[in-house]
Amino acid sequence: MRRRIALTAFTAIALTSAVSACTDQAGSGGAGSRDQIKIVGSSTVYPFSTLVAEQFVNANPGMKAPVVESNGTGAGMKQFCAGVGARHPDIENASRRMTAAEYKMCEENGVDRIMEIQVGVDGIAFAEALNGPKLALTPPDLYLALAANPRGAPNTAKTWKDVNPTLPAIPIQVYGPPATSGTRDAMAELILARGCEAVYPASLDLKKKDENAYKKACQEVRTDGPYVDAGENDNLIVQKLQSNPNAIGVFGFSYLEENKATLAGVTLSGISPSYETIAGGTYPGSRPLYLYVKQAHMSAIPGLQKYIEAYSKAWNPGGPLAKRGLIAAPQDVRQASAEIIENGTLMNPARLK
């Protein structure tokens, strides 16, 4: 009884003091008082982390199931970077790499020892219902349809024919994730920016001179109706496509793979989203997926080490995660990620943008 009181007092003192980077202080900072893993972030990575959570519980009887929340990469980063201790998540699911600004936010709140683990590859998949218009698009088409300021002027396009005379005269209606989503960030950076640079050559000089102006012209998504923010629930986008066959949706490839009985991938520059095209990097929307893990929580949260080890056993080609829709990363990437988990290697923030 006396020992429990002493630990409670120590916890209270540590929570009200400045958070340090030491593992023992993470435990005394309240992290040790939580007996289940807490994960936040990307809706794209969510189904993979929940599958690993199921396997983790089955392999470790008596352990509580990890709590996995799907609130978007950006929103999850804010929670992850808010501090060390029981009130704060252990893992951030991310469908894009952490930014330098996010790392600085983490560091300012005492979260300065982070493991970056690439768990696989994904694609930004554009999809339509099987009875849809069979759209065949390019990055320039999507840029001219979805950018807020294509070529530096407000977007007035209403139909696909307005952006490309070879496309049908049906209204542009694209259901996609919100601004807090890594999938939307990746769409802007991998698809819209590529289309912008192809049809708006002046953007290349703009990118060198004024990054904010470049992002406004090339990556900002329009908010006047054609792009519909459907929230972080990608299954809701799937449902909307089934009820509106003229619309297209944007989500991670795994959701297209899970719903291929009712949805078809939209080709980009003649390339369909598939395991092979994404793994080979020929599909324009290929991107890496990550876990960010607080090393300070590793010894304080029961099962955290075993959970990330379970990830490394499930991400191989033909493994459980591949069957769920994850594209396996190349062998050298998988090996490097496994070594990060084994050795507790910290990320190098100098590589962030």
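The structure presented is a predicted model; accordingly, all values stated were derived computationally and were not measured.

*Asks:* Summarise the overall build of the chain; cite the residues concerned and give the values.
*Replies:* Scanning the chain from N- to C-terminus turns up 16 helices and eleven strands. The C-alpha atoms of the chain give 22 Å as radius of gyration, which agrees with the globular expectation for 353 residues (20 Å, within 12%). Projected onto its principal axes, the C-alpha positions of the chain cover 75 × 45 × 35 Å. Per-residue burial for the chain yields a buried fraction of 53% across its 353 residues. Total accessible area computed for the chain in this model is approximately 15400 Å², and 54% of it derives from carbon and sulfur atoms.

*Asks:* Could you give an account of the packing of helix α9 (residues 202-209) against helix α10 (residues 211-218), naming the residues involved and the relevant values?
*Replies:* When two helices pack together, their arrangement is given by the angle between the helix axes and the distance between those axes. Running from N to C, α9 and α10 cross one another at 145°; their axes reach a closest spacing of 6 Å. Two secondary-structure elements touch here, α9 through S203, L206, K207 and K209 and α10 through E211, A213, Y214, A217 and C218. Class assignment of the residues belonging to the contact of α9 with α10 gives a composition of five nonpolar, one polar and three charged.

*Asks:* How would you sum up unusual backbone geometry? Please name residues and give values.
*Replies:* Phi at K134 is positive, roughly 60°, even though this residue is not glycine. Residue placement: K134 occurs in the loop between β4 (114-129) and β5 (136-137). A relative accessible area of 54% places K134 in the exposed class. If you check the backbone angles, S269 has positive phi at about 55° while not being a glycine. Mapped onto the fold, S269 is located in the loop between β10 (267-268) and α13 (275-279). Its relative accessible area of 45% is what places S269 among the partly exposed residues.

*Asks:* Describe helix α5 (residues 100-108), and please don't skip the residues or the numbers.
*Replies:* Inspection of α5 places E102, Y103 and C106 among the buried residues, and these make up the whole buried set. Mapping the buried residues of α5 onto a view down its axis gives an arc of 100°, with all of them on the same face. Across α5 from its buried face, at more than 90 degrees, point the exposed residues A101, K104 and E108. Contact partners of the buried residues in α5: α4 (73-80) and β4. Downstream of α5 by one or two residues, G110 has phi in the positive range, about 85°.

*Asks:* Quick one: what's the story with the state of the cysteines, residue by residue and with numbers?
*Replies:* By definition, a disulfide links two cysteine residues through a covalent bond between their sulfur atoms. All told, the structure shown has two disulfides when counted by the stated rule. Residue pairing for C81: its cysteine sulfur links by disulfide to C106, the two sulfurs lying 1.9 Å apart. When the S-S torsion is -70°, as for the bridge of C81 with C106, the disulfide is left-handed. Placement of the pair is C81 in the loop between α4 and β3 (91-94) and C106 in helix α5, with a sequence separation of 25 residues. Looking at C81, the relative accessible area reads 0%, which means it is buried.

Criteria and cut-off values
Residues numbered from 1 in each chain as written. Predicted model: local features only at pLDDT ≥ 70, side-chain atom pairs only at ≥ 80, totals over all residues. Heavy atoms only, no water. Helix = DSSP H or I, 4+ residues; strand = E, 2+ residues; numbered from the N terminus. Rg over C-alpha atoms; globule rule 2.2 N^0.38 Å. Buried < 20%, exposed > 50% of the residue type's maximum accessible area, 1.4 Å probe, protein only. Areas by Shrake-Rupley, 256 points an atom, 1.4 Å probe, with all protein chains shown as cover. Axes fitted to C-alpha atoms, helices over the stretch in contact; angles between N-to-C directions. Contact = heavy atoms within 4.5 Å. Nonpolar A, V, L, I, M, F, W, Y, C, P; charged D, E, K, R; others polar. Arc of directions from axis to C-beta. Disulfide = S-S within 2.5 Å.

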